[in-house]
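Now for the letters of each chain:
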Amino acid sequence: MQKIAVLTSGGDSPGMNAALYGIIKEAEQKNITVVGCLDGFIGIIKENFIELKEKELSKYINIGGTLLGSKRFPDFSKLDIQTKAHSILTQHGIEGLIVIGGDGSYHGALALANLHFPVIAIPGTIDNDIPLTDLTLGFHTAIENAVDAIDKISTSAYSHGHIFGVEVMGREAGDIAIWSGFATNADAIIAKKSDWDLFNVIQNIENSFEAGKRTQMYILAEGAISAEEFKRQVEKHSSFKVRTLMLGHIQRGGTPSVTDRILGIKFGQQSVRSLINGAQGKCLSVNNNTIEELDISQVLKADKGKPFIPYGLDY
Ligand SMILES: Nc1ncnc2c1ncn2[C@@H]1O[C@H](COP(=O)(O)OP(=O)(O)OP(=O)(O)O)[C@@H](O)[C@H]1O
Ligand SMILES: O=P(O)(O)OC[C@H]1O[C@](O)(CO)[C@@H](O)[C@@H]1O
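Remember, it's a predicted structure, so these values are computed and weren't measured experimentally.

Chemist: I'd love a proper account of the overall build of the protein, names of residues and values included.
Modeler: A tally of regular secondary structure across the protein gives 11 helices and 11 strands. Its C-alpha atoms give the protein a radius of gyration of 21 Å, within 12% of the compact-globule value 20 Å for 315 residues. Dimensions of the protein, computed from the C-alpha atoms along their principal axes, are close to 70 × 35 × 35 Å. Partitioning the intrachain contacts of the protein with sequence separation of at least 6 by distance along the chain shows that 74% fall at a separation of at least 24. Carbon and sulfur atoms provide 50% of the accessible area of the protein, an area that totals close to 14,000 Å². If the 30 positive side-chain charges of the protein are averaged to one point and the 36 negative ones to another, these points end up 4 Å apart.

And the structure:
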């Protein structure tokens, strides 16, 4: 194997640059050239390739986002576009592709694998919504960012006795809500749609204020209920006033945590070894502190199931 490519796709996640570094570090040791496809799958179609060098990338391990860029490109679900990508990769002498992204990106990776192009995927998303891995790259930083923001508004909420509904990202998964809610001792965590019970919430607020609590903090997973909807419903059915905060992209930003840097480098190095060993349609996962190779098709068929609950705590 002499030349491979890498792309980052879907929402950026802190640690993607560390993964790029891990890839180039391993590849250069094996005398393999690595090119980056800019902006995800669309970079293949536009033939936007840049050669990556370990010396340059080593400076970016501690920088969030992705140096390669990431643009959503829904057309990649079309067979003719996938076939075109396959032939462009081949024309450029690229013998294997590493895809870093979430479950949507896994579908893109699998499509190329089904066309017999060697592909390996790395779970890179803050959502932690990929089945059969304990952690996705970026999740750890996202929960640290969420906790930092919630801590900051908690002091002001205490001063004024406010009720807050804080909406966190994570699509349907709810993992960011659970981890950040636990860590900030929130009054309630609404991690999935079935957790939402308006009258229970109102009762909870009344009981807490009666018991002398000054402030209320509700952590809402975006896939369960939005902060705006939470406010609308509570205010419509009670006399309480609700403040809202949608944490948004702040969760994806900033410096990657130690965990995400190390995980990124390790995933990156392993992805190159896997390609050299003939991986086809595989993805990496981390379970019980060990990086494993699984079939992308197996992961996409698996059920993410319940949100990953830290240390078995009940919420
Ligand atoms: N069914 C599919 N077939 C082929 N390619 C796909 C498919 N779904 C998504 N993709 C490709 O993967 C890209 C990223 O997918 P998506 O926007 O769902 O984000 P993701 O990878 O799930 O990451 P995140 O959830 O963290 O944003 C899409 O823009 C598209 O190019
Ligand atoms: O950056 P965009 O395209 O608005 O996407 C936001 C979505 O991406 C994620 O941050 C990552 O999947 C989700 O949590 C969120 O719903």
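Chemist: Give me the lowdown on the site of ligand 2, citing residues and values where you can.
Modeler: Every residue lining ligand 2 is accounted for by Arg-72, Ile-126, Asp-127, Met-169, Gly-170, Arg-171, Glu-222, His-249 and Arg-252. Arg-72 is positioned with one of its side-chain polar atoms (N or O) 3.0 Å from an oxygen atom of ligand 2. With respect to ligand 2, the side chain of Glu-222 contributes an N or O atom lying 2.6 Å from an oxygen atom. Protein coverage of the free-state accessible area of ligand 2, which is 400 Å², stands at 74%.

Chemist: Which residues make up the side chain of Thr-136, and what are the values?
Modeler: Locating Thr-136 in the fold gives a position in the loop between strand S5 (119-123) and helix H6 (139-160). A distance of 2.6 Å separates a polar side-chain atom of Thr-136 from the backbone oxygen of Thr-125.

Chemist: Provide a residue-level description of the packing of aromatic side chains, including the pertinent values.
Modeler: Here the distance between the centres and the angle between the planes together describe a pair of aromatic rings. Throughout the structure, instances matching the rule amount to six aromatic pairs. Note on Phe-73 and Phe-76: the rings are 6.3 Å apart at their centroids and 40 degrees apart in plane angle, and the pair reads as tilted. With relative accessibility at 18%, the residue Phe-73 sits in the buried group. You can call Phe-76 buried: its relative accessible area is 4%. Here Trp-196 and Phe-230 contribute two aromatic rings whose centre-to-centre distance is 5.6 Å and whose plane-to-plane angle is 55 degrees, an arrangement assigned as tilted.

Chemist: If you had to explain the layout of surface pockets to someone new, which residues and values would you point to?
Modeler: It is the rolling of a water-molecule-sized probe over the atoms that shows where space remains empty. Approximately 510 Å³ is the volume found for the largest pocket. Here the lining of the largest pocket gets six residues from one element, more than from any other, and that element is helix H5 (residues 103-114). Here the lining of the largest pocket is composed, by residue class, of seven nonpolar, 14 polar and nine charged. Here the lining of the largest pocket spans two domains, and each of domain 1 (3-138 + 256-312) and domain 2 (140-252) adds at least three residues to it.

Chemist: Account for the site of ligand 1, naming residues and giving values.
Modeler: Neighbouring ligand 1 are 18 residues, the closest being Gly-11, Arg-72, Phe-73, Ser-105 and Thr-125. Take Arg-72: an N or O atom from its side chain is 2.8 Å from an oxygen atom of ligand 1. Note that an oxygen atom of ligand 1 is positioned 3.0 Å from one of the backbone N or O atoms of Gly-102. Out of a free accessible area of 620 Å², ligand 1 has 82% covered by protein chains. Among the cavities detected, the one that contains ligand 1 is the largest pocket. Tallying contributions element by element places H5 first for the shell around ligand 1, with five residues.

Chemist: So what about the packing of helix H1 (residues 16-29) against helix H10 (residues 258-276)? Which residues, and what values?
Modeler: Axis separation between H1 and H10 bottoms out at 7 Å; the angle between their running directions is 40 degrees. As summarised for this structure, H1 and H10 are arranged oblique, according to the angle between their axes. Our pair here, H1 against H10, has a crossing hand that is right-handed. In contact with Ala-18, Ala-19, Tyr-21, Gly-22, Ile-23, Lys-25, Glu-26 and Ala-27 of H1, H10 contributes Asp-260, Arg-261, Gly-264, Ile-265, Gly-268, Gln-269, Ser-271, Val-272 and Arg-273. Of the residues in the contact of H1 with H10, the class split is seven nonpolar, five polar and five charged.

Chemist: Tell me about the sheet that holds strand S8 (residues 216-221), residues and numbers included.
Modeler: Reading across from one edge, S7-S8-S6-S9 is the order of the four strands in this open sheet, with parallel pairing throughout. Looking along the sheet, the strands with just one partner apiece sit at the ends: strand S7 (188-190) and strand S9 (242-246). With direction set aside, neighbouring strand axes in the sheet form an average angle of 20 degrees. By the bridge criterion, three bridges tie S7 to S8 in an arrangement that is parallel. Opposite Ile-190, over in S8, you have Leu-220 as the bridge partner. Strands strand S6 (163-168), S7 and S8 of the sheet are contacted by helix H7 (residues 175-183), whose axis makes an angle of about 160 degrees with S8.

Thresholds, definitions, all that
- Residues numbered from 1 in each chain as written.
- Chains lettered and ligands numbered in written order.
- Predicted model: local features only at pLDDT ≥ 70, side-chain atom pairs only at ≥ 80, totals over all residues.
- Heavy atoms only, no water.
- Helix = DSSP H or I, 4+ residues; strand = E, 2+ residues; numbered from the N terminus.
- Rg over C-alpha atoms; globule rule 2.2 N^0.38 Å.
- Contact = heavy atoms within 4.5 Å.
- Areas by Shrake-Rupley, 256 points an atom, 1.4 Å probe, with all protein chains shown as cover.
- Lys, Arg positive; Asp, Glu negative; His and termini not counted.
- Charge placed at Lys NZ, Arg CZ, Asp CG, Glu CD.
- Near = heavy atom within 4 Å.
- Polar contact = N/O pair within 3.5 Å; in protein donor to acceptor, adjacent residues only side chain to side chain.
- Phe/Tyr/Trp six-rings, centres within 6.5 Å; stacked < 30°, edge-to-face > 60°.
- Buried < 20%, exposed > 50% of the residue type's maximum accessible area, 1.4 Å probe, protein only.
- 1 Å grid on protein atoms, 1.4 Å probe; cavity = no way out; pocket = protein on both sides within 12 Å on 5 of 7 lines; lining within 4 Å.
- Points joined across faces, edges and corners; volume = space filled by probe spheres on them.
- Nonpolar A, V, L, I, M, F, W, Y, C, P; charged D, E, K, R; others polar.
- Domains from an automatic or database assignment.
- Sits in = over half its atoms within 2 Å of the grid points.
- Axes fitted to C-alpha atoms, helices over the stretch in contact; angles between N-to-C directions.
- Parallel < 35°, antiparallel > 145°, perpendicular 65-115°, else oblique.
- Left-handed = near helix turned anticlockwise from the far one by under 90°.
- Pairing = 2+ DSSP bridges.

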